[in-house]
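The primary structure of each chain is shown beneath.
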Amino acid sequence: MNEARKVTWRAITMFGIILAGFLLVGYRFWYLQIKQSAHYQAMARQDTLRKLPVPAPRGNIVTSDGVVVANSKPSWTLYYLPISQQPTMPAGEIMKLASYLKVSGKQLAQQVKKQESRAYSYQPVAIVSGLTAQQMTTVEENRANLANIRLQPVAVRSYPYNSVMGNILGYTSDITSKQLKMPKYQGYSQTSTVGAAGLEYEYQSYLRGHAGGQFAEVNRQGQLVRLLGQTVPTPGDTLHLTINWKLEQTATSALAYTMKAMRHATAPLAHSSGAIQGAVVALDPNNGNVLAMASYPSYNPNKLLPNSTTRSSYFAQLAKNPMSPFNVLPISGLFAPGSVFKPLMAVAALASGVVTPTTKIFDPGYFPKDRAFTNWYSPGFGWLNIEQAIGLSDDVFFYTLGYNMGIQTMDKWMNKFLLNKPTGIDLPGEATSLIPSPALLMKENHVPWTWGWNLNTVIGQGIGQYSLIALARADSAIANGGTLYQPHMVSSITTASGKLVKKFNPVVQGKLNVPYSVIHTVHVGMEMSAQDPSIAKGISGTGYGALAGLPVPVASKTGTSQVVTQNSYNAFFLTYGPMPHPSILILVYIREGNWGADSGFVARAIYDQYFKIKDPKAQAVFDRAYGINWKWPFGYTPPAAAHP
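Thresholds applied
Residues numbered from 1 in each chain as written. Predicted model: local features only at pLDDT ≥ 70, side-chain atom pairs only at ≥ 80, totals over all residues. Heavy atoms only, no water. Salt bridge = Lys/Arg side-chain N within 4 Å of Asp/Glu carboxyl O. Helix = DSSP H or I, 4+ residues; strand = E, 2+ residues; numbered from the N terminus. Buried < 20%, exposed > 50% of the residue type's maximum accessible area, 1.4 Å probe, protein only. Phe/Tyr/Trp six-rings, centres within 6.5 Å; stacked < 30°, edge-to-face > 60°. Lys NZ or Arg CZ within 6 Å of the ring centre and 35° of its normal. Pairing = 2+ DSSP bridges.

Undergrad: Give a detailed account of the pattern of salt bridges, specifying residues and quantitative values.
TA: For the coordinates displayed, the defined rule picks out 5 salt bridges. Across the pair Lys342 and Asp395 runs a salt bridge, and its minimum N-O distance is 2.7 Å. With a gap of 53 residues between them, Lys342 in helix H13 (residues 342-351) and Asp395 in helix H15 (residues 395-416) connect regions that are remote in the sequence. Taken as a pair, Lys342 and Asp395 share a single burial class, namely buried. A salt bridge links Arg604 to Asp615, with the shortest nitrogen-to-oxygen separation between them at 2.8 Å. Highlighted residues: Arg604 in helix H21 (residues 600-610) and Asp615 in the loop between H21 and helix H22 (618-626), separated in sequence by 11 residues. Relative accessible area serves as the criterion here: at 4%, Asp615 is assigned to the buried category. Linked by salt bridges that have partners in common, Arg58, Arg157 and Glu200 make up one network.

As structure tokens, then:
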């Protein structure tokens, strides 16, 4: 009996084990085939389904007169479609592709490796963008040798005017792993393209847009079988600049033309082989609008597009240029500006009561307390008032002002002009001016301050270093009667369809709070500089050599700054007009430009366009300055009448 029970329990136990096994297999079958069917079907098809990214067109950048200086255009991009057998592009295919595209195989391999490291698993890898028609034809003709390659039209950045405004607009780049960790780039993917410099960087959050995608089925060889649908990308917002395109073109070309004239000049003291770097900033002094900005040398951002075959070599070429094309000189450069600093110090002296409009100081050609401090005009101008001293850029007069004011008073007024603070212009990389002081001198040179440094400071030499944009903001306050406005590049932002996103109003950053008589006195002196052919001893205003015959009343101040490290003189030219109510201020810098007046032709060219002047007298003045028979090409030409 006991033996029978044992047999029965064994049978029951065995049956239970078998039944449990069937139940387990059945559950697993149900779990895999029913509950997880969608997941495993997707895994089974991962080699045949692809989402081909469709980057969003970046927003346009448009000048105040409606010229599009940055947009997006359709361009063919070459993708590698990874499959399980070949998750990375084979080296042999890379070399074949390089030969078809006529590019360096080594560089292409590096580019492919970089892009593969950025892509998600089995995501199409963008290899090369901006293919030419010939390159596309060659790739199509050899598709049999490139089984896992696909051509896809996408929107890529385009700069229609190449290097004009290039380093101000900036360029785009692949997002970095470091950027992905920053709050600013939250929501971006590792394949995103972002602004890397200039306005592209500053306004990245508006320009970016939102990417779409195209879903496609491909066979095991990566060849397209059919399209399954797509999500449409959303274009980025449009930036509307304060810059006027005609003024921008003129500033850029006139700067290059004037420097070329300096390098070929035959007139005495006008030749300079080192005139190979320069900058221009033009502002509306009544609101801070940047009307034009040029920084030379510049670069062509079309050659720096991500995945471009020219990017690597062009970037290396720019990096080797000692004149730093990547720098936007009006905001990143710091300079001893020479005598263009004198109008600021004239305001300081007048407002502090150190001098009055009728005070006269005798110039014997040197500063009486130390003959080492000489005037640029060695015979001296004799007795001068401050208006004449500004017009003639008399050093001895200003040495006397600096000596009597002292560094504390000068520093006080430099701070009132906000030279101790950045302007906050809407471009990355702004440098903060270095205000001269006893503390700075001790820190930099390890010597105590003496009164000789006051004399250097008041004429824009010594240890003071100022950005052009900060000087332009300060001088705009003189031009407009005392208000310091924040310089800005963008007036408004709209959607691609034109709906207003943001409007930028003028920002007041400070006020001088000085009597109008102070401003008026400086205006008169600067008008003499630009317009008077004989202020004292038959000598014209220092700006007259570039502006003689200009039919619009303007004011000016020249600056010639000695640079010991270059063993040369940098040229600066400050001007605004029309007087007595200026609507444009221009500041020009040319490296090794010899004399400040020589750089004034850049400003004259801008005036021709701004005031719509044909300017027939410019040619003779230009020839006399440089001694070369070159055409003056900047007189205003009215647009051709539209045909009915």
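Undergrad: Talk me through the packing of aromatic side chains; I want residue IDs and the actual numbers.
TA: One pass over the full model with this rule turns up 36 aromatic pairs. Taken together, a centroid distance of 5.3 Å and an interplanar angle of 90° make the contact between Phe601 and Phe622 edge-to-face. Linking Phe601 in helix H21 with Phe622 in helix H22, this pair joins segments that are 21 residues apart in sequence. Each member of the pair Phe601 and Phe622 is classed as buried. In textbook terms, an aromatic cluster arises when at least three aromatic residues are bridged by ring pairs, as seen for Tyr257, Phe601, Phe622, Tyr626, Trp630, Trp632 and Phe634. Over the face of the ring belonging to Tyr314 we find Lys303, whose NZ or CZ atom lies 5.1 Å from the ring centre.

Undergrad: Can you break down the pairing of strand E3 (residues 68-80) residue by residue, with the values?
TA: Bridge count between strand E2 (residues 61-62) and E3: 2 bridges; the pairing is antiparallel. From the neighbouring strand, Ile61 faces E3, where its bridge partner is Ala70. By the bridge criterion, 10 bridges tie E3 to strand E5 (residues 149-158) in an arrangement that is antiparallel. Across the sheet, the residue bridging to Tyr80 is Ile149, located in E5.

Geometric values such as these leave the question of function open.
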